Protein chains: 4
Amino acid sequence: MKIRALVWGENIHEQEDEIVRSIYPEGMHTTIARAIAADGDIDVSTAVFQQPEHGLTGEVLAATDVLVWWGHKAHRQVDDAVVERVAERVWEGMGLIVLHSGHFSKIFKRLMGTPCSLKWREAGERERIWVVNPRHAIAEGLPEHFELEYEEMYGEPFAVPEPLETVFISWFQGGEVFRSGVTYRRGAGHIFYFRPGHETYPTYHDANVARVLRNAVRWARPQGAALRSIHNAPNIPVTEALEPIVERGPKLHKPGEEGYR
Amino acid sequence: MKIRALVWGENIHEQEDEIVRSIYPEGMHTTIARAIAADGDIDVSTAVFQQPEHGLTGEVLAATDVLVWWGHKAHRQVDDAVVERVAERVWEGMGLIVLHSGHFSKIFKRLMGTPCSLKWREAGERERIWVVNPRHAIAEGLPEHFELEYEEMYGEPFAVPEPLETVFISWFQGGEVFRSGVTYRRGAGHIFYFRPGHETYPTYHDANVARVLRNAVRWARPQGAALRSIHNAPNIPVTEALEPIVERGPKLHKPGEEGYR
Amino acid sequence: MKIRALVWGENIHEQEDEIVRSIYPEGMHTTIARAIAADGDIDVSTAVFQQPEHGLTGEVLAATDVLVWWGHKAHRQVDDAVVERVAERVWEGMGLIVLHSGHFSKIFKRLMGTPCSLKWREAGERERIWVVNPRHAIAEGLPEHFELEYEEMYGEPFAVPEPLETVFISWFQGGEVFRSGVTYRRGAGHIFYFRPGHETYPTYHDANVARVLRNAVRWARPQGAALRSIHNAPNIPVTEALEPIVERGPKLHKPGEEGYR
Amino acid sequence: MKIRALVWGENIHEQEDEIVRSIYPEGMHTTIARAIAADGDIDVSTAVFQQPEHGLTGEVLAATDVLVWWGHKAHRQVDDAVVERVAERVWEGMGLIVLHSGHFSKIFKRLMGTPCSLKWREAGERERIWVVNPRHAIAEGLPEHFELEYEEMYGEPFAVPEPLETVFISWFQGGEVFRSGVTYRRGAGHIFYFRPGHETYPTYHDANVARVLRNAVRWARPQGAALRSIHNAPNIPVTEALEPIVERGPKLHKPGEEGYR
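Residues numbered from 1 in each chain as written. Chains lettered and ligands numbered in written order. Predicted model: local features only at pLDDT ≥ 70, side-chain atom pairs only at ≥ 80, totals over all residues. Heavy atoms only, no water.

Going by what an unreviewed UniProt entry lists, chain A is known as ThuA domain-containing protein and is assigned to Chelativorans composti.

Spelled out as structure tokens, the structure:
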């Protein structure tokens, strides 16, 4: 069964900026989607900011295994209810790949619980991406390092939680370093942040970047059905205890009562 | 210099429920505060839900090294702006100890990025807390395990991110287990979640529990001054690059422009 | 392409002890191998302690994707050279599943760098295994918890490094808890330790245990070719530096010289 | 009570090489020891390879809170029994700071369980060390980054386990990156690996490096008494079970018997 990926694009720079449009004439999301679809084992669709509910309805998300997110200028305009809906799907098991400027997206900050801040410089400098975790599924088929001749610099400290595993670290010509590929799990969902992808450079046309995207989608696919129980906090009756116990001591709650949230 | 701890109590059950009042006649926060103050190396003050801004003004938080949080019934009534203020202070370095039902507090869920759900049963059953990380600073001076004869059960799965380190795991009489002591870092701030502390039992009068609280406050104290820079995402000018680089390629941003959030 | 699993059995208790033989008449390794082969996507072979080089020649290991290890009485008799050979293959990417008493095997201690000690009691007590990381690939298809009515107790503290992810925690009838399913990576190799499997009980005939074994083998399969470069520490000549640099300052090593090990 | 640090130096290059002697006329260990002693809260002594038992007798180690290790040329000549003794003390709680070429020391490889390999180049190039975990105790008082104008390059992939926390990442002039400050726990002992310190450059005279060393010693100090129980695997009699259980099922071991190792 094919993995179902959904590439979400903000789709604003491509409409407003001639340079970005010239690199991504059909939108960044389209180029990203084609890169992911290239091997034929992943079904890819796209959604954009401008659609109703940003194209991320409950129905669409329920049919999505892995969501890929590129956003930048409109972070604040993304609807909070949609963000919460995406977070819930991640907790249930949907994979999430956050790209580049998406470090400041509401959904990434929501799931990290940190500011996700960093340094930046838009100077078209060279970035060299080192694989620090060789044979990690996300690095499959990559060389020891690869270069993006023109990229925006992102510099440490990157205010994210300690990753589950660090896969890539970038070297920048101007003297900075950055943890460019980091993994997390939130509930049943896998999350991968991948740094490259400034809108004024042809990053998503790069073969190594494309491979990382495909690898990441495969790595982040759900294992098993949606974990709906993660939203619940069941009050287990004494009579259903796995080992026989006798209720004792003072109580606050009535039998079958729900807990406070 | 003494560590400055602030114990925050919801202070509702003590007012409404005769049983809770009988165990904690001066409020749970007062008992917790005394437990923390017992060794004399920590200055402890208290704040409660009912105060203006829940007693957690910017000034108060700026003078707090470690915040200890007990909340339950009024989770939803805690002001969002105060929650955000506390989160910002944690990122800057303030320690945070979250107790028991605080797993569902806004501040804990905000910092974890997960639902923080779990199973529960209020049956006054026996809990045995095992130290799985002996000589961790938070377990200092504890025996290999200790018991709380009457406690509420919390059962796995506990929907939190993989901890930095797991310190305690609980055994429950009714057949469940729980990761009862788990550590995290968010920005510059240390976070410790400690499970025990149901309001209808005398848990915070227990000597081992009191020791855990003191240890945790010491462990979570900030290292150095508040990390205010964590809120910024500076645009580093090419002219200030650490290594000489020449700007090239197309640009989206103007010099000195701020990034999008 | 099928995953190639190799089940290594110590094969001593089955020969010496009537009880063990009655449960595992063809050897524990055979039962374990059949459990792993049940879905048909994994090719399984076996090797035993009594074979030359314990059946773990370089050739055999080179053709193994995932090695499953059950040992107990003869830990000390396992040849150090074979242990080192297995460790090298793990670093290159071979998966390793260590079962039960294998916590004290040379290979597990070698890869953990810790004593791997624990408490134990052979009393046929009930073990309840909780999935604390639902939808982890290793927990796929399992219920929230499952029971082994007769098992040996293993109790914390378990002297292993903090796991990459904790998948299972066990509750024991006698009052202990144990981290029964823990994951690690060492070099390119995935490692999973799984607690159950005392030789005098029919644990490896249990359907849930069998499912864990299959899941674990799939999870631990290598990603890509053997990472032979992990054994090298190349001296990168200045003339091959990725960025042009000029050699300067005093030197200890001659050009092309190997480093000290 | 002062922390008791012991600086272990290989003390060979200083004896054999004029350049190294000119930078460290009293030995590298002496310079390192002085850097650590500078604030007055740490008692520092030294030991060298050439002493009987390399100066690391059981008595010496028992009186050591944190051991700092610089070795290179004589890695293979370090006595295996001494290595095992040091490992045991780490498991019991002694801190261990491994410096630079110590990545290939027997003790570091023993505790990591990996090859600890890396790339290297001795060209006196510029290293810029970034603090990626600001306000970590080991980074206390440091600027956001600092430079060592002349250093040996170490490049990724660095074949170590995923760290507990990554504190520093280095940028190198020639195009590489390296995780230069990484933390681990093994048993009760804290371990910190710190990259800089090639013998032909004056690295240990650098004020920032000295501060890292002092911070690391404080961070790695033991919490509580030596954890001798980590070496044991006690057979807990049924009669001493914490919860009443009845022995049942077939047994392999006799009452009070020791387990197999």
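Caption draft 1: View of the packing of aromatic side chains. Residues and elements named next belong to chain B. Under the defined criterion, the tally for this structure stands at 46 aromatic pairs over all chains. Each ring, one from Phe192 and one from Trp219, has its centre 6.4 Å from the other, and the planes form 70°; the classification is edge-to-face. Within this pair, whereas Phe192 is found in strand E9 (residues 189-194), its partner Trp219 is found in helix H7 (residues 207-220), the two being separated by 27 residues in sequence. Look at Phe192 and you get buried, because its relative accessible area is 0%. (Phe/Tyr/Trp six-rings, centres within 6.5 Å; stacked < 30°, edge-to-face > 60°. Helix = DSSP H or I, 4+ residues; strand = E, 2+ residues; numbered from the N terminus. Buried < 20%, exposed > 50% of the residue type's maximum accessible area, 1.4 Å probe, protein only.)

Caption draft 2: Broad picture of the interface of chain C and chain D. Taken together, the contact between chain C and chain D spans 70 residues of the former and 70 residues of the latter. Taking both sides of the interface into account, the surface hidden between chain C and chain D amounts to around 5700 Å²; carbon and sulfur atoms contribute 61%. Ranking the residues of chain C by area buried against chain D places Trp120(C), Arg248(C) and Arg261(C) at the top, with a combined share of 15%. Taken together, the connections running from chain C to chain D amount to 2 salt bridges. Linking Arg248(C) and Glu149(D) is a salt bridge whose minimum nitrogen-to-oxygen distance equals 2.8 Å. Taken together, the connections running from chain C to chain D amount to 32 residue pairs in polar contact (both at pLDDT 80 or more). (Contact = heavy atoms within 4.5 Å. Buried area = accessible area lost by both parts, 1.4 Å probe. Salt bridge = Lys/Arg side-chain N within 4 Å of Asp/Glu carboxyl O. Polar contact = N/O pair within 3.5 Å; in protein donor to acceptor, adjacent residues only side chain to side chain.)

Caption draft 3: A look at the interface of chain D and chain A. Listed as interface residues are 24 residues of chain D and, on the opposing side, 24 residues of chain A. Taken together, both faces of the contact between chain D and chain A bury some 1900 Å²; the carbon and sulfur share is 60%. In terms of surface lost to chain A, no three residues of chain D exceed Trp130(D), Glu162(D) and Trp171(D), which account for 29% of the buried area on that side. Here chain D and chain A share 2 salt bridges between them. When the shortest N-O distance is used, the salt bridge between Glu144(D) and Lys119(A) registers 2.5 Å. At the boundary of chain D and chain A, one finds 10 residue pairs in polar contact (both at pLDDT 80 or more). Listing elements by their share of the side of chain D that touches chain A, those giving two or more residues are strand E5 (119-131), strand E7 (165-172) and strand E8 (177-186) of chain D.

Caption draft 4: Local environment of the relation of the copies chain C and chain D. When chain C is fitted to chain D, the residual RMSD is 0.0 Å, and the transformation amounts to a turn of 180° plus an axial shift of 0.0 Å. Taken together, the rotation and translation relating the two chain copies correspond to the operation of a two-fold axis. For chain C, the minimum C-alpha distance to the rotation axis belongs to Gly113(C) and amounts to 2.6 Å. A shared interface surface links the copies, since 100% of the contact residues of chain C are contact residues in chain D too. (Least-squares fit on C-alpha atoms with pLDDT ≥ 70 in both.)

Caption draft 5: Here's a closer look at the pairing of strand E3 (residues 66-70) of chain A. All names here are of chain A. Within E3, 5 of the 5 residues are buried, which leaves it mostly tucked inside the rest of the structure. In E3, alternate side chains face the same way, and those of Val66, Val68 and Trp70 on one face and Leu67 and Trp69 on the other are all buried. Direction of pairing for strand E1 (residues 3-9) relative to E3: parallel, over a ladder of 5 bridges. The partner of Leu6 across the bridge, within E3, is Leu67. By the bridge criterion, 4 bridges tie E3 to strand E4 (residues 95-99) in an arrangement that is parallel. Bridging from a neighbouring strand, Trp69 pairs with Val98 of E4. Read from E3 through helix H5 (residues 80-92) to E4, the crossover connection turns out right-handed. (Pairing = 2+ DSSP bridges. Right-handed = clockwise from strand over helix to strand, strands pointing away.)

Caption draft 6: How the structure looks around the sheet that holds E1(A). Residue and element names in this part refer to chain A. One open sheet holds the 9 strands; their spatial order is E2-E1-E3-E4-E9-E8-E7-E5-E6, and the pairing between them is mixed. Every other strand in the sheet has two partners, leaving strand E2 (42-48) and strand E6 (145-155) as the edge strands with one partner each. Between one strand axis and the next, the sheet turns by 25° as a mean value, whatever way the strands run. Here helix H7 (residues 207-220) sits on the sheet and contacts E1, E2, E3, E4, E6, strand E7 (165-172), strand E8 (177-186) and strand E9 (189-194); the angle it forms with E9, its principal contact strand, is near 165°. (Axes fitted to C-alpha atoms, helices over the stretch in contact; angles between N-to-C directions.)

Caption draft 7: Broad picture of the sheet that holds strand E1 (residues 3-9) of chain D. All names here are of chain D. Spatial ordering of the open sheet is given by E2-E1-E3-E4-E9-E8-E7-E5-E6, a layout of 9 strands whose pairing is mixed. Every other strand in the sheet has two partners, leaving strand E2 (42-48) and strand E6 (145-155) as the edge strands with one partner each. Here the strands of the sheet are splayed against their neighbours by 25° on average, with no regard to which way each runs. Strands E1, E2, strand E3 (66-70), strand E4 (95-99), E6, E7, E8 and strand E9 (189-194) of the sheet are contacted by helix H7 (residues 207-220), whose axis makes an angle of about 165° with E9.

Caption draft 8: Molecular detail of helix H5 (residues 80-92) of chain C. Residue and element names in this part refer to chain C. Its 13 residues give H5 an end-to-end C-alpha distance of 18 Å, which sits within 8% of 18 Å, the value for a rise of 1.5 Å per residue. Residues of H5 that are buried: Val82, Val83, Val86, Ala87, Arg89, Val90, Trp91 and Glu92. Turning to H5, the residues buried within the fold contact helix H4 (58-62), strand E3 (66-70), strand E4 (95-99), helix H6 (106-112), strand E8 (177-186) and strand E9 (189-194). One side-chain oxygen at the N-terminal end of H5 lies 3.1 Å from the backbone nitrogen of Ala81; it belongs to Asp79. Looking one or two residues beyond H5, the residue adopting positive phi is Gly93, at roughly 135°. (Expected span 1.5 Å × (residues − 1).)

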